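These are the residues of each chain, in order.
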Protein chains: 2
Amino acid sequence: MIKYPNKKKIDTNKNISFSNRGMNLEDDINQTNAYYLNHNIAVVNKKPTPIQIVEVDYPCRNKAEITKAYFKTPSTTDYNGVYQGYYLDFEAKETHSKTSFALSLLHKHQLDHFKAVIQQNAIAFVIIRFTKIDQTYLVMVKHILSFIANDTKKSLSLSWINEHGYLLQSNYQPRLDYITAIKAIIEEEKNG
Amino acid sequence: MIKYPNKKKIDTNKNISFSNRGMNLEDDINQTNAYYLNHNIAVVNKKPTPIQIVEVDYPCRNKAEITKAYFKTPSTTDYNGVYQGYYLDFEAKETHSKTSFALSLLHKHQLDHFKAVIQQNAIAFVIIRFTKIDQTYLVMVKHILSFIANDTKKSLSLSWINEHGYLLQSNYQPRLDYITAIKAIIEEEKNG
């Protein structure tokens, strides 16, 4: 059997220790979603990574082991769910930049999916974390799409995001309370 | 290398031939969802099967090959999406029975998820196909939950499903037009 020098074991028992709080945006969102579910606030889930399964072994009766598979390109965004009848759809993105968010971080299939769900009156947004300055924003996708349509710049400046987005608070529970921002946005749209 | 006698190759090039029309409920729904997406009617997707990845090889730069992984139990239903601002959530089930639908086909994690999304005003339903008599129904989950709460029977009879559900038509395009039933249900609820 050929041993690939770069074979990687995935640590499946990885625990999110308390000292990691705020370190990883995906963990923060997953824990926030668990909190929302347990408190009947919203039901939002991360979609599993789509995988093309090629070969499966059945070493014993009830245990199927996948022995050959490939990652597929997703056709949607990572998160969706429901809050008081509203359909929510979003992506989470981290950037190491301190000053701007590169639009190339939003892939074509994500933008296409966003356009399709916005046509169906979805609440579509991106959660952007500036890891270096520890600030996390919720930005509605419609603002980003209108920026892309009207501007040639390849990135959103932090000041643009600050103006068009909502700065999210990191708490103990929920870790990253984005539903409070969504609630405010729904209220604004009702009144405006 | 040990050769497992029951190693299975998954046929990744499986094409749905036209003669298979109506044969497989999942294919019908996936093709219907593709039609809805292309015609801006709704955006509904099947969630990928969740998989626990244990080992990944990188035989060349851009090609990651999963060499060890296991199936995980999903925590949600298979399909969700948005139709004109409404959040849709459903499961698709086939039965070979000609007279009833065994409630055991709805798993606990699916019922728990349905209860959670109904609390958030989701439109939650099950699409049930009686393969032997070629009839497919859309049944709202709230009716099923109230049946379970009030009845000790372990299955829904075809006549109960006929009374509480909507018989869906199989067409050329879309294959299985469940949105028309959803539209009627939304109208009824508005007027009732």
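Residues numbered from 1 in each chain as written. Chains lettered and ligands numbered in written order. Predicted model: local features only at pLDDT ≥ 70, side-chain atom pairs only at ≥ 80, totals over all residues. Heavy atoms only, no water.

### Quick look at the nonpolar core
Link 1 in the chain: One finds Ile144, Leu156 and Ile161 of chain A together with Ile144, Leu156 and Ile161 of chain B to be the most contacted residues of the largest nonpolar core, which totals 50 residues.
Link 2 in the chain: Residues contacting Leu156 of chain A, with those up to four places away along its chain left out, are Thr99, Ser100, Phe101, Leu103, Ile144, Phe147 and Ile161 of chain A.
Link 3 in the chain: Tyr35, Leu176, Ile179 and Ile185 of chain A belong to the second largest nonpolar core, which has 24 residues in total. (Core = buried A, V, L, I, M, F, W, Y, C linked by side-chain atoms within 4.5 Å. Buried < 20%, exposed > 50% of the residue type's maximum accessible area, 1.4 Å probe, protein only. Contact = heavy atoms within 4.5 Å.)

### Points about the interface of chain A and chain B
Link 1 in the chain: Across the contact, 51 residues belong to chain A and 51 residues belong to chain B.
Link 2 in the chain: Of the roughly 4,600 Å² buried where chain A meets chain B, counting both sides, 59% is carbon and sulfur surface.
Link 3 in the chain: In this assembly, chain A and chain B are joined by 0 salt bridges.
Link 4 in the chain: Where chain A touches chain B, the interface holds 13 residue pairs in polar contact (both at pLDDT 80 or more).
Link 5 in the chain: Contributions of two or more residues to the side of chain A that touches chain B are made by β1 (8–9), β2 (43–46), β3 (51–60), β4 (63–71), β5 (79–83), β6 (86–95) and α2 (108–119) of chain A.
Link 6 in the chain: Of the residues assigned to the side of chain A that touches chain B, the class counts are 25 nonpolar, 17 polar and 9 charged. (Buried area = accessible area lost by both parts, 1.4 Å probe. Salt bridge = Lys/Arg side-chain N within 4 Å of Asp/Glu carboxyl O. Polar contact = N/O pair within 3.5 Å; in protein donor to acceptor, adjacent residues only side chain to side chain. Helix = DSSP H or I, 4+ residues; strand = E, 2+ residues; numbered from the N terminus. Nonpolar A, V, L, I, M, F, W, Y, C, P; charged D, E, K, R; others polar.)

### Examining the environment of Ser75 of chain A
Link 1 in the chain: Along the polypeptide, Ser75 of chain A turns up in the loop between β4 and β5.
Link 2 in the chain: When its relative accessible area of 52% is taken as the criterion, Ser75 of chain A is described as exposed.
Link 3 in the chain: Through-space distance from the C-alpha of Ser75 of chain A to that of Asp112 of chain A is 8.8 Å; in sequence the pair is 37 residues apart.
Link 4 in the chain: The residues touching Ser75 of chain A, leaving out its near neighbours within four places in the chain, are His109 and His113 of chain A together with Asn45 of chain B.

### Topic: the relation of the copies chain A and chain B
Link 1 in the chain: Turning chain A through 180° and shifting it by 0.0 Å along the axis lays it on chain B, with an RMSD of 0.0 Å. Such a combination of rotation and displacement between the chain copies is what one expects of a two-fold axis.
Link 2 in the chain: When the interface residues of chain A are mapped onto chain B, 100% of them again fall at the interface, so both copies present the same face. (Least-squares fit on C-alpha atoms with pLDDT ≥ 70 in both.)

### Some remarks on the pattern of salt bridges
Link 1 in the chain: Enumeration over the complete set of coordinates arrives at 16 salt bridges over all chains.
Link 2 in the chain: The salt bridge involving Lys190 of chain A is made with Glu187 of chain A; its shortest N-O contact spans 3.8 Å. Placement of both Lys190 of chain A and Glu187 of chain A in helix α5 (residues 178–191) is noted, with a separation of 3 residues, approximately one turn of the helix.
Link 3 in the chain: The partly exposed category is assigned to Glu187 of chain A, whose relative accessible area is 40%.
Link 4 in the chain: Residue Glu91 of chain B pairs with Lys93 of chain B through a salt bridge whose shortest N-O separation is 3.9 Å.

### A few points about the packing of aromatic side chains
Link 1 in the chain: Counted under the stated rule, the structure contains 17 aromatic pairs over all chains.
Link 2 in the chain: For the ring pair Phe130 of chain A and Tyr137 of chain A, a centre distance of 6.3 Å and an interplane angle of 90° mean the geometry is edge-to-face. Note on accessibility: Phe130 of chain A and Tyr137 of chain A belong to one class, buried.
Link 3 in the chain: Relative to Phe125 of chain B, the ring of Phe90 of chain B has its centre 4.6 Å away and its plane inclined at 10°; by these criteria the two rings are stacked. With Phe90 of chain B in strand β6 (residues 86–95) and Phe125 of chain B in strand β8 (residues 123–130), the pair connects residues that are 35 residues apart, well separated along the chain.
Link 4 in the chain: Judged by its relative accessible area of 0%, Phe125 of chain B is buried. (Phe/Tyr/Trp six-rings, centres within 6.5 Å; stacked < 30°, edge-to-face > 60°.)

### Some words on the pairing of β3 of chain A
Residues and elements named next belong to chain A.
Link 1 in the chain: Relative to β4, β3 is paired through 7 bridges, and the arrangement is antiparallel. Looking at β4, one finds that Cys60 is bridged to Lys63.
Link 2 in the chain: Hairpin remark: β3 followed by β4, antiparallel, with 2 residues in the connecting loop. (Pairing = 2+ DSSP bridges.)

### Some thoughts on the confidence of the model for chain A
Residue and element names in this part refer to chain A.
Link 1 in the chain: Within chain A, residue pLDDT values average 89, and 88% of them lie at 70 or more.
Link 2 in the chain: Segment residues 1–7: pLDDT under 50, and 7 contacts once partners within four positions in sequence are set aside and those in other chains are kept.
Link 3 in the chain: Predicted confidence is poor over residues 11–22, with pLDDT under 50, and the contacts of this stretch with residues over four places away or in other chains come to 12 contacts.
Link 4 in the chain: Predicted complex, confidence summary: ipTM 0.87, pTM 0.87. (pLDDT = per-residue confidence, 0-100.)

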